[in-house]
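Next come the chains, spelled out residue by residue.
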Amino acid sequence: MNEDDDLGALCAGAGRSLAEAERPVLERHGLSMWQYVVLSALAAGAAPSQLVLAQQIHYDKTRLIALLDALEAGGLVARQPDPADRRARVVRLTPEGIRRYAAVRAGIREVEERKLAGLAPEARRVLRSALAHLANSP
């Protein structure tokens, strides 16, 4: 690596490497990466609607239904009519969803720790901050 390396290529390579290292953790818990993304978003609180959830995770709203159907069939999420708008569905984690998310999150943190083992705590903080900035900047 050198300072002239393309940032997009570096991020893509890092993403592929992390996804590959995390795949066994997800498989052990019977989840796909997108299902984990949904659980992660819902761990922060219920989504006021499926549309809002799709926007939060940057996922196609038409494909989200099948993803939620699978999570609901597995007892990990529940969808209930929004009392303020009966056409909308509030999506939240079930107790089993909370438990499964915590277990997967712990496994992913172990993977991250192995991947970041050569970096000092301050470098880890800077890396996370820089990646968050890149992910959230227009």
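For the structure, check the block above.
Scoring rules and cut-offs
Residues numbered from 1 in each chain as written. Predicted model: local features only at pLDDT ≥ 70, side-chain atom pairs only at ≥ 80, totals over all residues. Heavy atoms only, no water. Patch = residues over 30% accessible without salt bridge, like charges linked within 9 Å, V, L, I, M, F, W, Y side chains within 5 Å. Areas by Shrake-Rupley, 256 points an atom, 1.4 Å probe, with all protein chains shown as cover. Salt bridge = Lys/Arg side-chain N within 4 Å of Asp/Glu carboxyl O. Helix = DSSP H or I, 4+ residues; strand = E, 2+ residues; numbered from the N terminus. Buried < 20%, exposed > 50% of the residue type's maximum accessible area, 1.4 Å probe, protein only. Axes fitted to C-alpha atoms, helices over the stretch in contact; angles between N-to-C directions. Parallel < 35°, antiparallel > 145°, perpendicular 65-115°, else oblique. Contact = heavy atoms within 4.5 Å.

Undergrad: Would you mind going over a nonpolar patch on the surface with me for this structure?
TA: Taken together, the side chains of Leu 7, Leu 10, Leu 119, Leu 127, Leu 131 and Leu 134 present a nonpolar region at the surface, about 470 Å² in accessible area. The set of elements that each furnish at least two residues to the nonpolar patch consists of helix 1 (7-28) and helix 6 (121-136). For the nonpolar patch, the leading source of residues is helix 6, giving three residues. Tracing the backbone through its elements, the reader meets Leu 10 in helix 1. A relative accessible area of 35% means that Leu 10 is categorised as partly exposed.

Undergrad: How should I be thinking about the packing of helix 2 (residues 33-43) against helix 3 (residues 50-57) in this particular structure?
TA: Think of two packed helices as two axes; the pair is described by the angle between the axes and how far apart they sit. Closest axis-to-axis distance for the helix 2/helix 3 pair is 10 Å, and the angle between their directions is 110°. Looking at the two axes, helix 2 sits roughly perpendicular to helix 3. Here Trp 34, Val 37, Val 38, Ala 41 and Leu 42 of helix 2 lie close against helix 3, whose contacting residues are Leu 53, Gln 56 and Ile 57.

Undergrad: Mind showing me how you'd approach the environment of Leu 51 here?
TA: Position of Leu 51 relative to the elements: it lies in helix 3. Placed 37 residues apart in sequence, Leu 51 and Ala 88 show a C-alpha to C-alpha distance of 8.4 Å.

Purely spatial values, then, with no claim about function.
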